[in-house]
Amino acid sequence: MNDLRSMTIEEITAALQEMGQPSFRGAQIFAWVQEKKVRSFDEMTNLPKTLRERLAEVFSLSLLTIEQKLISQEDRTRKYVYALPDGLLIESVFMPYDYGNTACISSQAGCRMGCRFCASTLEGLARNLLPGEMLEQIFRMEEDTGEKISHVVVMGSGEPLDNYDNLLRFIALITHEKGKHLSERNITVSTCGLVPQIRRLAGEHLQITLALSLHAPNDALRKTMMPIANAYSVQETVAACDEYFSATGRRMSYEYSLVRGVNDTDACAQELAALLHGKNAHVNLIPINPIKERDYLAPERSAALRFQKRLENLGINATIRKKMGADIDSACGQLRLKLRTKQGE
Ligand code: SAH
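A quick note: this is a predicted structure, and the numbers were derived from the prediction, not measured.

Draft legend 1. Quick peek at the pairing of strand β1 (residues 65–71). Pairing between β1 and strand β2 (residues 78–83): 6 bridges, direction antiparallel. Along β2, the bridge assignment pairs T65 with A83. The antiparallel pairing of β1 with β2 creates a hairpin that spans 6 residues between the two strands, and R76 there sits at a positive phi of about 70°.

Written as structure tokens, this is what we have:
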């Protein structure tokens, strides 16, 4: 790995020692890339110029540029399309919630999971993001808004557990006391349900929140919405989430995107309640954001409320996700696709 923003303090220290530099250089450089979030080697002003030049030869430095930005007039939500160093585009969102500014970041350019309702997967996976590229989405947002980000949700494009090692490294870097020093508890990772990786994550004993994209209470229905349901059953997926809760004590969050006439029926609410009965879990209902490539529609507001009430009456904690930035609305991953098409013309 030669992206400086993706390296741990120990790795940077070892690499610098190999270059004949004193050991304190590692911590100095780590602070430049993780705490001061520099854009170039030239900004590392406490290093000799010759060393800065040498670093620029040996290492790269993840840096994202803002390709497009939409700012909501209603609630200050901002949507960003960033260009990666190789020109690929990704999306991130800045959301000013009451409890703190939240960054929704991407973990991959594109996605190979193929969920039927999702725009990010329409063109498949381009590549995994480096840890430094995940960090950069947050750093450039803080720079652009002039505000601190206190919460991170890995719910942008991509399947984070399909980029497992880089995700774990990202978490280690962003929580490092000499870097941004975010609390693990303020990080949420959302997965479509890669069961072996959920189990592995349980074994890491992190304090992050895990969100599972369930979207259907049984295998038959889930298979029509998410190809991953062909690999793992609902039962074994929820069992892996139980394991995550037992290992970490972190309450599970289940995401359930409501699709009109597909998974928003009373029967589905009952089946979902039975599935999650007695668990320490929270259900996040997300009225589907329709994409033009698919025929799914959002339920009426009254149907969403009815589904939520039904769950609550059956003892399941459920909220309807607050829609942020409605005036700049476009479903996850759609902005990037629009921009790509425009550029291709
Ligand atoms: N790959 C991860 C994280 C990215 S998607 C995952 O599957 O969880 C974040 C959440 O948004 C997931 O629950 C996903 O299913 C949901 N989602 C994707 N497209 C959507 C759409 N058009 N409308 C509503 N929810 C959507």
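Draft legend 2. Structural context of the site of the ligand. For the ligand, the set of nearby residues contains 18 residues, the closest of which are G158, S190, S213, H215 and N289. Separating a nitrogen atom of the ligand from a side-chain N or O atom of E159 is a distance of 3.1 Å. The side chain of S190 places a nitrogen or oxygen atom 2.6 Å from an oxygen atom of the ligand. Against a free-state accessible area of 520 Å², the protein chains account for coverage of 95% of the ligand. Those elements that place two or more of their residues in the shell around the ligand are β8 (187–191) and β10 (252–258). Looking at the shell around the ligand residue by residue, the class counts come to 8 nonpolar, 8 polar and 2 charged.

Draft legend 3. Focus on the nonpolar core. Counting residues in hydrophobic clusters, the biggest one holds 94 residues, and the most contacted among them are L4, M44, F170, Y254, V283 and L311. In terms of residue count, the dominant contributor to this core is helix α5 (residues 164–174) (7 residues). There are two domains that each give this core at least three residues, and those are domain 1 (2–60) and domain 2 (65–343). Among residues more than four places away in sequence, those in contact with L311 are A269, L272, A273, V283, L285, I316 and A318.

Draft legend 4. Looking closely at the pairing of strand β3 (residues 89–97). Among the 9 residues in β3, 9 count as buried, and that is most of the element. Here β3 shows no split at all, with L89, E91, V93, M95 and Y97 on one side and I90, S92, F94 and P96 on the other all buried. Taken together, the 5 bridges between β3 and strand β4 (residues 100–104) define a ladder with antiparallel strand orientation. If you follow M95 over to β4, its bridge partner there is T102. The turn joining β3 and β4, which pair antiparallel and follow one another in sequence, is formed by 2 residues.

Rules of the game
Residue positions are given per chain, counting from 1 as you read along its sequence in written order. Selection of residues for local features in this predicted model requires a pLDDT of at least 70, selection of side-chain atom pairs for listing and counting requires 80 or more, and totals for whole chains, interfaces and linings are taken over all residues. The side-chain numbers reported here are obtained from all heavy atoms of the structure, hydrogens and water having been left aside. At least two DSSP bridges between two strands are needed for those strands to be called paired. The secondary structure listing takes helices from DSSP runs of H or I that are at least 4 residues long and strands from runs of E that are at least 2 residues long, numbered from the N terminus. When at least one non-hydrogen atom of a residue lies within 4 Å of a molecule or strand, that residue is treated as near it. Any pair of nitrogen or oxygen atoms within 3.5 Å is treated as a polar contact; in protein, a donor-acceptor pairing is required on top of that, and neighbouring residues in sequence qualify only through side-chain atoms on both sides. In this description, accessible areas are obtained by the Shrake-Rupley approach with a 1.4 Å probe, and a residue is regarded as covered only by the protein chains that are shown. Residues are grouped as follows: Ala, Val, Leu, Ile, Met, Phe, Trp, Tyr, Cys and Pro are nonpolar; Asp, Glu, Lys and Arg are charged; every other residue, Gly included, is polar. By nonpolar core is meant a set of buried Ala, Val, Leu, Ile, Met, Phe, Trp, Tyr and Cys residues that side-chain atoms within 4.5 Å join together. Note on classification: 1.4 Å probe, protein chains only; a residue is buried when its accessible area is under 20% of the maximum for its type, exposed when over 50%, partly exposed between these limits. Where each domain starts and ends follows an automatic or database-derived domain assignment. Here, residues are in contact when the closest pair of their heavy atoms is within 4.5 Å.

The quantities given are spatial measurements derived from coordinates; they are silent on function.
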